[in-house]
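Below are the chains, spelled out letter by letter.
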Amino acid sequence: FHVAHSPARPIVARRVAVRPTVRRVSVARMDGASAFARKHGAASFDMDALVSAQANADPTARRTKIVATLGPASFDEPMIRKLIAAGVNVFRLNSSHRQGGQFEALVPMIRKAAAEMNKPVELLGDLQGPKFRCANVKAEPMPLAAGSTVTLALASSDGELCDAGRIVLTRTKEQNAMIGGLTVGMVVKLDDGAMRLRVTKRLSPDALECLVEVGGGLKSRKGINVPDLQIDCSALTAKDIDDATYLLTQKLDYIALSFVQKGSDITELTDLMDAQGVPRGERPRIIPKIEKPAALRNIDEILDLADGLMVARGDLGVELGLERVPFFQKVLISKANKAGKFVITATQMLESMIGAEVPTRAEVSDVANAVFDGTDAVMLSGESAVGVNPPEAVMMMGRTIVEAEMHAGMVSPSL
Ligand SMILES: Nc1ncnc2c1ncn2[C@@H]1O[C@H](COP(=O)(O)OP(=O)(O)O)[C@@H](O)[C@H]1O
Ligand SMILES: C=C(OP(=O)(O)O)C(=O)O
């Protein structure tokens, strides 16, 4: 190699990794280097055996479960059967997108397919919670060009669509409060932060002018986050109560609650179950979605009242900052493991498979690392809801999990 232009600070192996004294490192002080040394210091690798021992086992025979979100790409019975055969353990019905009698048709379809295939498939109903979303878009995707100006407004009539530089939100108590609370200079993020607006002018009590700082294409019902705005609202919105009222009649296995911030948010859901007279033995297990900094602060009281957790990395990434997600994923998985509760790692796991047959190395690595962290389940979102090949996404995830589980004992979590 020509080294004349080598960087001032070359990459060097961590000295602690080869020090024979690693076992004396203080456990109390868990700095990165000592944690690395404690994990790897004493390991010896039989490279021949490791390279030969490719897991060619059945990708459906694994401990870590696969949760697959259903959507337009997976709504028919032949596809549901393919997904079950590919190894889906839990189907997720996202109430944020519930329309017409969609779920009413899907639930019996899944149960029938699972029974006929003799596979123990479970169902998870996800409640939107106080999450802001745009209305449906007239011609998808609606272009938002960087540098252009758009209007962000409450819908002026029922059924108004996002169109021609106007992003509209259905009128709900929470969305009315959001539009009312926005002030000039605030940042508004769209679609899990893929696009960014900045408020430049208040046009009326119901509408704001915004500059598109990061552009893109907006699709129907995409999430809207305003990290600078705190809105005091209940954990269950009117829509959640309506969705939960239906879901609780379906004897689902799990119910996920979005934007939980504190323990009492979970109590709102158990109160609803009481009010509906859902017998104790028939209640779905409650999964708070951890996607707000407040939920991280109050995680112990939340975990106490929950049956499991979801590391909801989509919104968590927007609310907390993307670069902070990996560490908190490990903390949340560790806390759930220690409390004896299950944990689902969710969102963008094989994201590129929405449009491609093959994922990126980074995505495969992400699935494997979630397994190494100790997750109990990994989740597919758009990959199985709107992707080009939902069964292949499930099989890719299954193969990755099997391979990771084979080595999980060697790559034990360090938290
Ligand atoms: N029940 C549904 N009906 C229509 N589209 C859906 C449904 N569920 C999911 N989708 C589509 O799949 C995408 C990914 O699903 P998911 O991650 O659950 O949604 P989101 O991140 O919007 O909550 C959604 O943004 C939506 O476009
Ligand atoms: C799972 C998540 O929630 P949703 O898909 O409902 O936005 C998330 O934000 O990661």
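Residues numbered from 1 in each chain as written. Chains lettered and ligands numbered in written order. Predicted model: local features only at pLDDT ≥ 70, side-chain atom pairs only at ≥ 80, totals over all residues. Heavy atoms only, no water.

## Details of the pairing of strand β15 (residues 308–312)
The element β15 is largely enclosed, with a buried count of five among its five residues. Along β15, one buried face is formed by Gly308, Met310 and Ala312 and the opposite face, lined by Leu309 and Val311, is buried too. Pairing of strand β14 (residues 285–290) with β15, which is carried by two bridges, proceeds in the parallel orientation. Considered in β15, the bridge of Lys289 is made with Met310. (Buried < 20%, exposed > 50% of the residue type's maximum accessible area, 1.4 Å probe, protein only. Helix = DSSP H or I, 4+ residues; strand = E, 2+ residues; numbered from the N terminus. Pairing = 2+ DSSP bridges.)

## Some thoughts on the site of ligand 2
By nearness alone, 13 residues border ligand 2, and Lys131, Lys289, Gly314, Asp315 and Thr347 come closest of all. Contact distances for ligand 2 include 3.1 Å between an oxygen atom and a side-chain N or O atom of Arg92. In the environment of ligand 2, an oxygen atom lies 2.8 Å from a nitrogen or oxygen atom belonging to the backbone of Gly314. If ligand 2 stood free it would expose 290 Å²; the protein chains cover 92% of that surface. Looking at the shell around ligand 2, the elements that each hand over two or more residues are β2 (90–94), β15 and α10 (313–320). The element contributing the most residues to the shell around ligand 2 is α10, with three residues. Residue composition of the shell around ligand 2, by class: three nonpolar, three polar and seven charged. (Near = heavy atom within 4 Å. Polar contact = N/O pair within 3.5 Å; in protein donor to acceptor, adjacent residues only side chain to side chain. Areas by Shrake-Rupley, 256 points an atom, 1.4 Å probe, with all protein chains shown as cover. Nonpolar A, V, L, I, M, F, W, Y, C, P; charged D, E, K, R; others polar.)

## Structural notes on a nonpolar patch on the surface
A cluster of nonpolar side chains, namely Phe45, Met47, Val51 and Met410, defines an oily patch on the protein surface of about 430 Å² accessible area. Within the element layout of this structure, Phe45 appears in the loop between α1 (32–40) and α2 (47–52). (Patch = residues over 30% accessible without salt bridge, like charges linked within 9 Å, V, L, I, M, F, W, Y side chains within 5 Å. Salt bridge = Lys/Arg side-chain N within 4 Å of Asp/Glu carboxyl O.)

## So, the pattern of salt bridges
For the structure shown, the criterion picks out 25 salt bridges. The shortest N-O distance in the salt bridge between Arg81 and Glu77 comes to 3.2 Å. Of this pair, Arg81 and Glu77 are both found in helix α3 (residues 77–86), four residues apart, which corresponds to roughly one turn of the helix. Taking the shortest distance from any N to any O, the salt bridge between Arg285 and Glu122 comes out at 3.4 Å. Separated by 163 residues along the polypeptide, Arg285 in strand β14 and Glu122 in strand β3 (residues 122–127) bring together distant segments of the chain. Here the salt bridges share partners, and the residues they tie into one network are Glu77, Arg81, Lys112 and Glu116.

## Focus on the sheet that holds strand β10 (residues 207–214)
If you walk across this open sheet you meet the seven strands as β4-β12-β8-β9-β10-β6-β7, and the pairing is mixed. Strand pairing shows two members of the sheet lacking a second neighbour, β4 (132–133) and β7 (166–169), which therefore form its edges. Across four bridges, the pairing between strand β8 (residues 187–190) and strand β9 (residues 195–204) is antiparallel. For Leu190, the partnering residue across the bridge sits in β9 and is Met195.

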